[in-house]
Amino acid sequence: MKPTGLKTALNAQEMLVLLIKVPFDLKINTMKRILYILGFIVISSGCSDLLEIEDINHYSPELVWSDQNLANAYMANLYSMFGNWDAGADRTSQQIAGISWYADRITISNGEYKDWNYTRIRLINQAIQDVNNGGLDQEIKDNITGQALFMRAYTYFNMVMYHGGVPYVKVPQDRYEDDLFVARNSTAECFDFLIEDLDQAISLLPENIPSSSGDFGKVDGSFALAFKAKVLLYKASPQFNPSNPFDNSYWAEAHAANKEAYEALSAHGYGLVEDYAEIALDEGNRETVFSVINSYPNKSASWDHGVRPGSESRGPASACPTWEFIQEFPMLDGKLYNDPTGEYYMSDEEFLQNYWKNRDPRFGKSIVWNGKEYEVSGKAGKRQYTALGIAHELDDFGINPNAGINSTNLDRYTGFFILKNSMLNLTQPEVQQYDVDFVLMRFAEVMLNYAETANETGDISTAMTILKEIRERAGILPGEDGSFGIVANDREQMREAILAERNIEFAFEGHRFWDLRRLRMLDRLDGKTKHGVEAIAVDENGAEISLSVGRELASSYSLTEKDFKYQVLQVPRSGVQSSVLPETYYFFPIQKAVLDRNNQLEQNVGWGGTFDPTLP
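Residues numbered from 1 in each chain as written. Predicted model: local features only at pLDDT ≥ 70, side-chain atom pairs only at ≥ 80, totals over all residues. Heavy atoms only, no water.

Visitor: Would you take a moment to explain the packing of helix H15 (residues 460-474) against helix H16 (residues 491-505) for this structure?
Guide: Each pair of packed helices can be summarised by the angle the axes make with each other and by the distance between the axes. Close contact between H15 and H16 brings their axes to 11 Å; oriented N to C, the two are set at 25 degrees. Considering the angle they form, H15 stands roughly parallel to H16. Relative to H16, H15 is oriented so that their crossing is left-handed. Across from Ile460, Ala463, Met464, Leu467, Ile470, Arg471 and Arg473 in H15, the residues of H16 making contact are Arg491, Met494, Ala497, Ile498, Glu501 and Glu505. Across the contact of H15 with H16, the residue classes tally to eight nonpolar, no polar and five charged. (Axes fitted to C-alpha atoms, helices over the stretch in contact; angles between N-to-C directions. Helix = DSSP H or I, 4+ residues; strand = E, 2+ residues; numbered from the N terminus. Parallel < 35°, antiparallel > 145°, perpendicular 65-115°, else oblique. Left-handed = near helix turned anticlockwise from the far one by under 90°. Contact = heavy atoms within 4.5 Å. Nonpolar A, V, L, I, M, F, W, Y, C, P; charged D, E, K, R; others polar.)

Visitor: Explain the confidence of the model for the protein chain to me, please; I cannot follow it from the model alone.
Guide: Low pLDDT marks stretches whose predicted atomic positions should not be read closely. A residue-level look at the protein chain finds 89% of positions with pLDDT of 70 or above and a mean pLDDT of 91. Across residues 7-59 the pLDDT falls below 50, and counting only partners more than four positions away or on other chains, this stretch makes 71 contacts in the model. (pLDDT = per-residue confidence, 0-100.)

Visitor: Help me understand unusual backbone geometry in this model?
Guide: Residues apart from glycine generally show negative phi values, whereas peptide bonds are mostly found in trans. The step from tyrosine 296 to proline 297 runs through a cis peptide bond, and the omega angle for that step is 10 degrees. Residue placement: proline 297 occurs in the loop between strand S1 (288-292) and helix H10 (303-307). With an omega of -10 degrees, the peptide bond running from valine 571 to proline 572 counts as cis. Notably, asparagine 421 is not glycine yet its phi reads approximately 65 degrees, a positive angle. Among the secondary structure elements, asparagine 421 is positioned in the loop between strand S3 (416-418) and strand S4 (438-442).

In structure tokens:
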């Protein structure tokens, strides 16, 4: 059953979004606007004990922070900051087709990869200040303060991750001058403030909110503790320590925090769910550390609408796995297909014709390929086809001249689709009703963060144990030596093993680019191209069959993977075809428009400025 926490508040938040679109006189005080909107939300929600609001021009914060309904509505509006499902989140890596990183994607002038959200910071600071001056019970005040402190740290962390040190404003300022005439704090100072906010939040929040609780979906102490550990992992990482990437003193601090988070969450019952396919679909399970609650029709997400083949969606798929990523999944023994020591070793040519065989079970639970059984829309026995001239025109990919037509998908498709987290029971007209809760953090991330800090501080044994647990859950065979295919005899090898595991375990969850950036490994993306695989139907002797025969066989789902031959095609077929990621992308610039408004701000080194965003 779907957890019910935050349902009423989130419905209210959606009404707030609609109301925000109504123009207001810019001279009206911002807090009065919020009070008006929140008052309307609570009234619309049918609450019986409502405030009598007589004059919008004379509202005061005391009204909101003395009424629990209004206070909760205010906080619910802020929860949109945690985002929702994004099918194309990993287009920035080699996982998903499409070239995100064209030359000069990021400049000082444009708004690309700029995070300077002082509007949200002002709203959060307003809550922290005003809730404690209101008339709510102290327990409620503490809980709201804890949530707000976490939100402030979460917002600032993303800003620091993008730009390095920023002005760490802790009090509400004028709407139009939140960051005016305030200098940037150093990156080190920002990390200190982040931990200060998170520690205080942890002390005020409930340790754990179970999925059975009406408050499920709110920030709790477990999420805050795990997020604090992640913040300190970033602080220790090479992104912020280029001159001493793996032997700096911050790793010990990060390890202590990640060990604490791992042990505390384990004690609260967090762990890996048995079936990798259910990590999100089984909502509120023991692996979910924090999720954003979705509930159709009040709130839905675009995941299925983005990942399904066009014939089973409301338009073409917007996110398709690349051939490069297909190759990176291990085999059933945990080793890569081209590892000569592996039980399932194949040459590149052999692998191309047999790539679906004997794979890490996560492959079959994450990817849809040509000829695979794919019982979407409740269609029993359905197989998915991508062969040009055989597949539906919204599903095909290829250049087979015998088709006599051109595929319209050559710049967006790859011959593969995403299966992971899909609600197969939704019919084609229902794909926009996808309402699986968005899992922002799960326990597998807590585990792998802990493994990374353990490895970098000399505890390779703990790192190995965690990797084995992840692979055992995945269904990889342990092998005679019980290593699950992991070969890591020193810190460098284990570092690579952890990074590779994160790539597969968090497939399509938006981690890969940020992991590579944090580790200063963007050279693994720079200059790279992406590819897909075309399927062409053949007979048992390998000769191409007529497309009319192929269509007839496909109509009864009689063609399987082995009834095709395969060839690699570069994608996209036109336009920009390779990624460009310069060294300066380890820290993004502050937008020129922001600098123009505040002469106290310095631009980052590498972008024409003097501010050093790294740590001493």
